[in-house]
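# Close look at the chain arrangement
Here are the chains, one letter per residue:
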Amino acid sequence: MNLRIFLISSIVVSILFFTGCKNDAAQQKEKPVLSSWNDGVTKQAIIDFVTKVTTKDSPNYIPEEDRIATFDNDGTLWCEQPLYFEMVYSIDAAKKIIAAKPELAKKPELKALTDKATFAKNPEKGIEVAFGLSHAMATGEFSKIATAWLDTAKQNRFNVKYTELTYLPMVELLLYLRENGFKTYIVSGGSSAFIRQFSDKAYGIPAEQVIGTMLKAEFVSQDNKYNVVFKPEIWHNDDNVGKPVGIEQIIGKKPVLAFGNSDGDLQMLQWTSTNTYPNMCLILHHTDSIREYAYDSLSHVGMLKKALIEGKQKGWTIVDMKNDFKTVFGFQEEKK
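Residues numbered from 1 in each chain as written. Predicted model: local features only at pLDDT ≥ 70, side-chain atom pairs only at ≥ 80, totals over all residues. Heavy atoms only, no water.

### A look at the pattern of salt bridges
For the record, the criterion: Throughout this description, the term salt bridge denotes a Lys or Arg side-chain nitrogen within 4 Å of a carboxyl oxygen of Asp or Glu. Relative accessible area decides the class of each residue, using a 1.4 Å probe on protein chains only: under 20% of the type maximum gives buried, over 50% gives exposed, and in between gives partly exposed. Per the convention used, a helix needs a DSSP run of H or I reaching at least four residues, while a strand needs a run of E reaching at least two, with both numbered from the N terminus.
The full count for this structure, using the stated rule, is 9 salt bridges. Across the salt bridge formed by R291 and D288, the nearest N and O atoms sit 2.6 Å from each other. Since its relative accessible area comes to 5%, D288 is described here as buried. E310 is the partner of K314 in a salt bridge, and the nearest nitrogen-oxygen pair spans 2.6 Å. With K314 and E310 both in helix α13 (residues 306–314), this residue pair falls 4 residues apart, about one helical turn. You can call K314 partly exposed: its relative accessible area is 48%. Residue classification places E310 among the buried residues on the basis of a relative accessible area of 14%. Ionic contacts of the salt-bridge type, sharing partners, join the residues D72, K243 and D265 into one network.

### Notes on the nonpolar core
For clarity, the threshold we go by: Buried Ala, Val, Leu, Ile, Met, Phe, Trp, Tyr and Cys residues form a nonpolar core when they are joined through side-chain atoms within 4.5 Å. In what follows, residue pairs with any heavy atoms lying within 4.5 Å of each other are defined as contacts.
In terms of nonpolar packing, the biggest core is built from 71 residues, with F71 and L173 touching the most fellow members. Residue contributions to this core peak at 8 residues, all from helix α3 (residues 85–100). Apart from the residues lying within four places of it in its own chain, the contact partners of F71 are L77, M170, L173, L174, L177, T184, Y185, I186, V187, L257 and F259. In this structure, I68, I251, L269 and C281 belong to the second largest nonpolar core, which totals 16 residues.

Okay, structure coming up:
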């Protein structure tokens, strides 16, 4: 190749390379932020907060290691109606265990689950029994059973798997925060054992960043086999006042952003609001009966009353699902 041809080739390659870079940059710039959220005050408040705490010359700048964001799960990251999904799992799994071991049905304490009339009189007791029976086992066995249920069971109203009932705008928000140096955690009243089976795949949140209700457990060694086995007893109840305690014990830092949807999240929001760093507290208000469910102060699941009142008084960001979510579930977007 002579010098003239070489120079011409080099120039052509350079032009193509830089044109491609320019196009990629332009496409990246054109990509909308939080695209499944409707434009408005709420979306802009989130973007403004993230911008001010991640801009280095801003007086509100927060070092990356302190950008802790905590999210409730049920009713905040995925649907929780008409019954918490882990409760549905517990009842289904417990009934299968009893069917496989009929002798269990004779136990008086299981009558609250095996007898319809008894269950109807005290459903809370039935759910408690189901929870203990469906969780008290070796961690590996629990993982296998719970994963199989999540892969096959479907929610009645929408007829899709429960993991398809994650809120698209919330999954998008989690990604947006991580792209801006935040570390995202789940802080839930549900059990950490159950949520860890799907948190990474559904939300991009690894198992070690899930804080939930924890069962007592013990290490069991038998015939050269070693297991950690859950007991049907609560070690830490990660709801209400338990949420800030769990955060302190596991993370060791106060969040600068917290997102919940019910009175069970109030103490987590209160605690976050006392951070000396700029902070943001958000509440998801379920107002969309068409695309999801509409409920708050009168609901037996995810009751929102005290937190909504306090949130409005303190100027927390109240996210109105009907008005602020352009899309609720990903599968609804795919059907358009």
